[in-house]
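Fold and contact review
This is what each chain is made of:
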Amino acid sequence: MPLADLNKRFGLADQLKFVEGPGGLIFAEIDNDLGTAYLCLQGAHITTFRPKDQDEPVIWLSEYAKFAPGKSIRGGAPVCWPWFGAHATEAGFPGHGFARTVMWEVTQSGALASGETEITLALIETEQTRAQWPHKTRVELKVVVGKSLKADLITTNLGETDITIGEALHTYFQIGDIADIKILGLEGCEYVDKVGPVTRRTQEGAATFSGEVDRVYVNTEAPCIIEDSRLKRRIIVAKRGSRSTVLWTPWTEKADKMGDFGPDGWRRMVCVESVNALENVVVVPAGQSHAMSVEYSAEAL
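Conventions used here
- Residues numbered from 1 in each chain as written.
- Predicted model: local features only at pLDDT ≥ 70, side-chain atom pairs only at ≥ 80, totals over all residues.
- Heavy atoms only, no water.
- Helix = DSSP H or I, 4+ residues; strand = E, 2+ residues; numbered from the N terminus.
- Buried < 20%, exposed > 50% of the residue type's maximum accessible area, 1.4 Å probe, protein only.
- Lys, Arg positive; Asp, Glu negative; His and termini not counted.
- Salt bridge = Lys/Arg side-chain N within 4 Å of Asp/Glu carboxyl O.
- Polar contact = N/O pair within 3.5 Å; in protein donor to acceptor, adjacent residues only side chain to side chain.
- Contact = heavy atoms within 4.5 Å.
- Core = buried A, V, L, I, M, F, W, Y, C linked by side-chain atoms within 4.5 Å.
- Pairing = 2+ DSSP bridges.
- Axes fitted to C-alpha atoms, helices over the stretch in contact; angles between N-to-C directions.
- Phe/Tyr/Trp six-rings, centres within 6.5 Å; stacked < 30°, edge-to-face > 60°.

Observations concerning the side chain of Arg 215
Looking at where Arg 215 falls in the secondary structure, it is placed in strand E16 (residues 213–218). Summary of buried charges: Arg 215 has no salt-bridge partner, and the nearest side chain of opposite charge, Asp 193, is 4.7 Å away. In this structure the side chain of Arg 215 is engaged in a polar contact, spanning 3.2 Å, whose partner is the side chain of Gln 203. In this structure Arg 215 touches Tyr 191, Val 192, Gln 203, Ala 207, Thr 245, Val 246 and Leu 247, once residues within four positions along its chain are discounted.

Looking at the nonpolar core
Membership of the largest hydrophobic core comes to 81 residues, with the highest contact counts inside it found for Trp 104, Ile 119 and Ile 183. Take this core: its biggest share by element is five residues, from strand E20 (residues 269–276). Not counting residues within four places of it along the chain, the set of residues in contact with Ile 183 comprises Ala 206, Ala 207, Phe 209, Cys 224, Ile 225, Ile 226, Leu 247 and Val 272. Judged by nonpolar contacts, the second largest core, of five residues, contains Leu 25, Phe 27, Cys 40 and Ala 65.

So, the side chain of Thr 117
Note on placement: Thr 117 falls in strand E7 (residues 117–123). On the basis of relative accessible area, Thr 117 is assigned to the buried category, the value being 0%. In this structure Thr 117 touches Leu 12, Gln 15, Leu 16, Ile 30, Asn 32, Gly 110, Val 143, Val 144 and Val 145, once residues within four positions along its chain are discounted.

Brief notes about the sheet that holds strand E17 (residues 224–228)
As summarised here, the arrangement of the eight strands in space is E6-E7-E8-E9-E22-E18-E17-E13, forming an open sheet in which the pairing is antiparallel. The open sheet has two edge strands, strand E6 (104–111) and strand E13 (181–184), and neither has a second partner. Each neighbouring strand pair of the sheet contributes to a mean axis angle of 15 degrees, computed without reference to strand direction.

Comments concerning the packing of aromatic side chains
Under the counting rule described, the total for this entry stands at 12 aromatic pairs. Relative to Phe 98, the ring of Trp 83 has its centre 6.0 Å away and its plane inclined at 80 degrees; by these criteria the two rings are edge-to-face. One end of the pair, Trp 83, is in the loop between strand E5 (79–80) and E6; the other, Phe 98, is in the loop between E5 and E6, with 15 residues separating them in the sequence. Both rings, one in Trp 248 and one in Phe 261, keep their centres 6.3 Å apart while their planes meet at 50 degrees; by these two values the pair is tilted. One end of the pair, Trp 248, is in strand E19 (residues 244–249); the other, Phe 261, is in the loop between helix H3 (251–258) and E20, with 13 residues separating them in the sequence. For the pair Trp 248 and Phe 261, a shared accessibility class is recorded, and that class is buried. Here a set of aromatic residues connected by ring pairs shows up, and it is made of Trp 81, Trp 83, Phe 93, Phe 98 and Trp 133.

Taken by themselves, the reported measurements are silent on function.
Structure (structure tokens):
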């Protein structure tokens, strides 16, 4: 839909407008009395979010992020769907699925009585997506921007047989320094450690970081808290419909190889991802829907 038509149909005076951003990509720019956010229509990708009572963004976007059609964006809250990680059988299919690099369409927007702003997008099916996912499915992302950021990733099975999905909101959170944070809420949880030989371990105490971390915590619906001594705040990551949590930091060597973190960008972010993966993949029966919901908020320590 052309930019002018988007603004005419879904724009909201003083709250929501659509703009052309880097790489010619189209973004929804949301700015209300409670918070600000940008959302790229490619990938339904929330790239930034800051509550008005916070000096720093809650969601991190790399200063060196690359914006181009069909390419993933470093930072924000990428949508991983309909699988998480590598595809189970097709090595040529994109890691974390195709949803984060294809176009979505705006289907609804609204100014809520709470002062929040709501926008809903739906994934656009193409020959390319159907070749990788030959199931009749509707996928939507509903986002509400206010003092907190709420997002619902909704999968509806329109076919006549059950489908199995893996999914994630691969969210990058802005922090003062990776060495000065701890993650609460995963104590006692079993996780798959993917750094080096894959092993299963149990989390003892709060999670802290002194090197590369890539862990899938399973069978946990618990909220997580990012305690940040440098920014003197805590970020609360609450979720529903998610049975796995991923913690990820590339650390210096891997970040340097990726090329879109910059010299020290990796120090200013941590991924705390709400996920359904491994034994927690989701079966969506024919004719039914599954929703994975998150809410991100921040408060002073």
